[in-house]
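Residue strings, one per chain:
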Amino acid sequence: MDRFSWSNGLLEINETLVIQQRGVRLYDGDDKAKLDVGVALLSTHRLIWRDVKNHECCIAMPLSQILLFEEQAAGIGKSAKIVIHLHATPDNKEPGPYQHSKYPFIKLSFKEHGQIEFYRRLTEEMTQKRWENTPVSQSIPTGTVSQAGRTRAVGIVGIERKIEEKRKETDKNISEAFEDLSQLMVKAKEMVELSRSIANKIKDKQGDITEDETIRFKSYLLSMGIANPVTRDTYGSGTHYHMQLAKQLGDMLQAPLEERGGMMALTEVYCLVNRARGMELLSPEDLVNACKMFESLKLPLRLRVFDSGVMVVQLQSHSEEEMIASALDNVTDKGSLTAEEFAKLLGLSVLLSKERLLLAEKVGHLCRDDSVEGLRFYPNLF
Amino acid sequence: MHRRGVGAGAIAKKKLAEARYKERGTVLAEDQIVQMSKQLETFKSNLEEFASKHKQEIRKNPQFRVQFQEMCATIGVDPLASGKGFWSEMLGVGDFYYELGVQIVEVCLALKHRNGGLITLDELHQRVLKGRGKYAQEVSQDDLMRAIKKLKVMGNGFGMIPVGGSYLVQSVPAELNMDHTVVLQLSEKKGYVTVSEIKESLKWEKERACHVLDHLLKEGLAWLDSQAAGEAQYWLPALFSEITSRDVTPEEANQMTP
């Protein structure tokens, strides 16, 4: 425990928080440390621990101090632990809670679990050693200043102090935001775990939860941004929100689709709709989930996925046969066509005109001439 | 005093307890949904409070956004999954990234005629910033990458190819396998590559090199300069656009957009 130094707990400019876990008690070797249970934080550069009740009591240790570490399984009445073996104390270490320790290792005892994830992240950080790439400045030492430092001109020290104060102020704002965010995340995590528990029960019971409750559950997941683990459901991954959206899209896209030959790439729809909304924009997933409901809601639009992966919205009235017939007509008329030429002819995007030609080729009406000059389609005379 | 744990009676009791527990399990799930609804309300007001204090931080500070995203990922939450999500609605993270998505699609569409649908992350970043104007919020490359990740959901071939120290952003569904990617990476230094260079660096046969280069030509990702001194050079417009070509203005690009 004598490797730790007092810290203000603020992250440096290039330092990122990796994980934090509350309910952690520190051990000096095999003995309980003279500290209460607190929050352990792992950053890209340090291991930090803060007392839950007394926020001023905060200590930190650079990750470079760590020699090796291992898990210690929980036992009866004993929490799981991570044992961390340490290098010798460097000469310039800042003061901390322990002047001296007879042990070259510490333990983190996880009274509220979380050791598995913490161990995993610690392993990642100790492998990547990100602190070596982005060194952070040492905070200005609170106590000792070297002899050389004392001889600096007062003016410069004053300026430096101002800069440092401003940085600390900014840091403090961010730190506060960050702390509040961390608290929020703890609560969000509880929601995630609760939702997983519910999802498991739904999976096992197959039909004891009413449809209404399932729909409600899905809308809770949507609000929290939790992926839907329940695969068996009546409306796809849609909710009432998506049904509403689907109807709105049905109205909104009618005219634009007519103008564009009955078909629009989904990314184009995304831009069109969001530009029109201005705010409270749709996420890509919202759009996809809404479009998936066109058929079940009996709207005159369809979401379609081509072999290439391209997704489009098309008017149901523009049937497959019509598109293929029109492609064949145009190609026969001109003798041959490339996607670009076809696009100009129809006023379509190159992407979509290519898909139509490919469709016609697929059913055998067209055949291709593939060369470095481009892909050209001819009527299939075979 | 009953004797516990031994005998046929005890086994039957255990089975009964298990059956009861299972039955309670059903009730518990319904209870849990009610519980979740309550917790959700609490969470919503906590988030509102957080937003009232720190909403600006998310909008102004790219670093904070990164940490926010990473924390969400750690606990299994996607704040960008839906515009209807709490995170979107109250923190405004959603609008920030979805709008960025629109801007990315528009830039890629405008330049597709020139680079075939491949653009460096740097160039994309510059052009998006330019499009947003002087007074808009700062946008980092991390922000762009997260927005692109979301765009992938809509098909249309959005992807990122690691090249040099950064990425090429692909916005068309062109099939690019390992061979194509490796040649792109080789071209990064000078913006072009020759068959000899490929043979020498990658130790490929001529046929393999030509096959890959032909595919890039066909997809519009590479241009052939057959009049170059020495041997033919295959240029990647996505890579050389910053070095040599004249900048295409948005008006010109609009005219040329299919």
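Fair warning: this is a prediction, and the values are worked out from it, not measured in the lab.

Undergrad: Just give me the short version of the overall build of chain A, but keep the residues and values in it.
TA: For chain A, the count of helices and strands is eleven helices and 15 strands. Each of the 382 residues in chain A was classed as buried or not, and the buried ones make up 47%. Across chain A, the fraction of contacts at a sequence separation of at least 24, relative to all contacts at a separation of at least 6, is 58%. Surface accessibility of chain A: about 20200 Å² in total, with carbon and sulfur atoms responsible for 52%.

Undergrad: So what's going on with the overall build of chain B? Residues and values would help.
TA: Within chain B one finds eleven helices and six strands. By the burial criterion, 47% of the 258 residues in chain B qualify as buried. Within chain B, residue pairs in contact and separated by at least 24 positions form 55% of the contacts whose partners lie at least 6 positions apart. Accessible surface for chain B amounts to roughly 13600 Å². Of this, 52% is attributable to carbon and sulfur atoms.

Undergrad: For the nonpolar core, give the residues involved together with the corresponding values.
TA: A general trend in soluble globular proteins is that nonpolar side chains are found buried together. Counting residues in each nonpolar core, the largest one holds 95 residues, and the members touching the most others are Trp87 and Ile104 of chain B. Top contributing element to this core by residue count: helix 4 (residues 154-205) of chain A, with twelve residues. Residues within four places of isoleucine 104 of chain B in sequence aside, it is in contact with Leu124, Val128, Leu144, Ala147, Ile148, Leu151 and Phe158 of chain B. In this structure, Leu26, Trp49, Leu86 and Leu108 of chain A belong to the second largest nonpolar core, which totals 29 residues.

Undergrad: Describe the packing of helix 6 (residues 240-259) of chain A against helix 7 (residues 266-277) of chain A, with residues and values.
TA: Residues and elements named next belong to chain A. Relative orientation of the contacting elements helix 6 and helix 7 amounts to 100 degrees, with a least axis distance of 12 Å. Judged on the interaxial angle alone, helix 7 and helix 6 are roughly perpendicular. In contact with Leu245, Gln248, Leu249, Met252, Leu253 and Pro256 of helix 6, helix 7 contributes Val269, Leu272, Val273, Ala276 and Arg277. Residues that form the contact of helix 6 with helix 7 fall into these classes: nine nonpolar, one polar and one charged.

Undergrad: Account for unusual backbone geometry, with residues named and values stated.
TA: The backbone of lysine 129 of chain A sits at a positive phi, close to 50 degrees, despite the residue not being glycine. One can find lysine 129 of chain A in the loop between helix 1 (115-128) and helix 2 (130-133). The class for lysine 129 of chain A is partly exposed, based on a relative accessible area of 32%. The backbone of lysine 203 of chain B sits at a positive phi, close to 60 degrees, despite the residue not being glycine. Among the secondary structure elements, lysine 203 of chain B is positioned in the loop between helix 8 (195-202) and helix 9 (206-218).

Undergrad: Describe the sheet that holds strand 6 (residues 233-235) of chain B, and please don't skip the residues or the numbers.
TA: Residue and element names in this part refer to chain B. If you trace the three strands from one edge of the open sheet to the other, you get 4-6-5, paired in antiparallel fashion. Sheet topology places strand 4 (192-193) and strand 5 (223-225) at the edges, where each strand pairs with a single neighbour. Note: strand 4 against strand 6, two bridges, orientation antiparallel. Residue pairing for strand 6: tyrosine 192 is matched across the bridge by tryptophan 235.

Undergrad: Lay out the confidence of the model for chain A with the relevant residues and their values.
TA: All names here are of chain A. For chain A, per-residue confidence averages 83 on the pLDDT scale, and residues scoring 70 or more make up 90% of the total. Here residues 138-153 is modelled with pLDDT under 50, and outside its nearest four sequence neighbours on either side it reaches six contacts, counting other chains as well. pLDDT under 50 marks residues 232-236. Its contacts with residues more than four places away, or in other chains, come to ten contacts.

Undergrad: Talk me through the interface of chain A and chain B; I want residue IDs and the actual numbers.
TA: Contacts between chain A and chain B engage 69 residues on the former and 63 residues on the latter. Three residues stand out in chain A for area buried against chain B, namely Leu184, Met185 and Tyr220 of chain A, and they jointly supply 10% of the buried area on that side. Put simply, chain A and chain B have four salt bridges between them. Across the salt bridge formed by arginine 275 of chain A and glutamate 106 of chain B, the nearest N and O atoms sit 2.7 Å from each other. There are 16 residue pairs in polar contact (both at pLDDT 80 or more) connecting chain A and chain B. Looking at the side of chain A that touches chain B, the elements with two or more residues in it are strand 2 (17-28), helix 4, helix 5 (211-224), helix 7, helix 8 (284-291), helix 11 (350-362) and strand 14 (366-371) of chain A. A total of 22 residues in the side of chain A that touches chain B trace back to one element, the largest contributor, which is helix 4 of chain A.

Undergrad: So what about the pattern of salt bridges? Which residues, and what values?
TA: Under the definition given, this model contains 28 salt bridges over all chains. Residue arginine 22 of chain A pairs with glutamate 190 of chain A through a salt bridge whose shortest N-O separation is 3.9 Å. With a gap of 168 residues between them, arginine 22 of chain A in strand 2 and glutamate 190 of chain A in helix 4 connect regions that are remote in the sequence. The exposure class assigned to glutamate 190 of chain A is partly exposed, which follows from its relative accessible area of 35%. For lysine 190 of chain B, the salt bridge goes to glutamate 197 of chain B, with nearest N and O atoms at 2.6 Å. The structure contains a network of salt bridges with shared partners spanning Glu117, Arg120, Arg121 and Glu124 of chain A.

Undergrad: Let's hear about the side chain of aspartate 286 of chain A: which residues, and what values?
TA: Topologically, aspartate 286 of chain A is positioned in helix 8. Among buried charged residues, aspartate 286 of chain A stands out as having no salt bridge; its nearest opposite-charge side chain is arginine 277 of chain A, 7.3 Å away. Excluding its chain neighbours within four sequence positions, the residues that come into contact with aspartate 286 of chain A are Tyr241, His242 and Leu245 of chain A together with Ala81, Ser82, Gly83 and Lys84 of chain B.

The rules we used
Residues numbered from 1 in each chain as written. Chains lettered and ligands numbered in written order. Predicted model: local features only at pLDDT ≥ 70, side-chain atom pairs only at ≥ 80, totals over all residues. Heavy atoms only, no water. Helix = DSSP H or I, 4+ residues; strand = E, 2+ residues; numbered from the N terminus. Buried < 20%, exposed > 50% of the residue type's maximum accessible area, 1.4 Å probe, protein only. Contact = heavy atoms within 4.5 Å. Areas by Shrake-Rupley, 256 points an atom, 1.4 Å probe, with all protein chains shown as cover. Core = buried A, V, L, I, M, F, W, Y, C linked by side-chain atoms within 4.5 Å. Axes fitted to C-alpha atoms, helices over the stretch in contact; angles between N-to-C directions. Parallel < 35°, antiparallel > 145°, perpendicular 65-115°, else oblique. Nonpolar A, V, L, I, M, F, W, Y, C, P; charged D, E, K, R; others polar. Pairing = 2+ DSSP bridges. pLDDT = per-residue confidence, 0-100. Buried area = accessible area lost by both parts, 1.4 Å probe. Salt bridge = Lys/Arg side-chain N within 4 Å of Asp/Glu carboxyl O. Polar contact = N/O pair within 3.5 Å; in protein donor to acceptor, adjacent residues only side chain to side chain. Lys, Arg positive; Asp, Glu negative; His and termini not counted.

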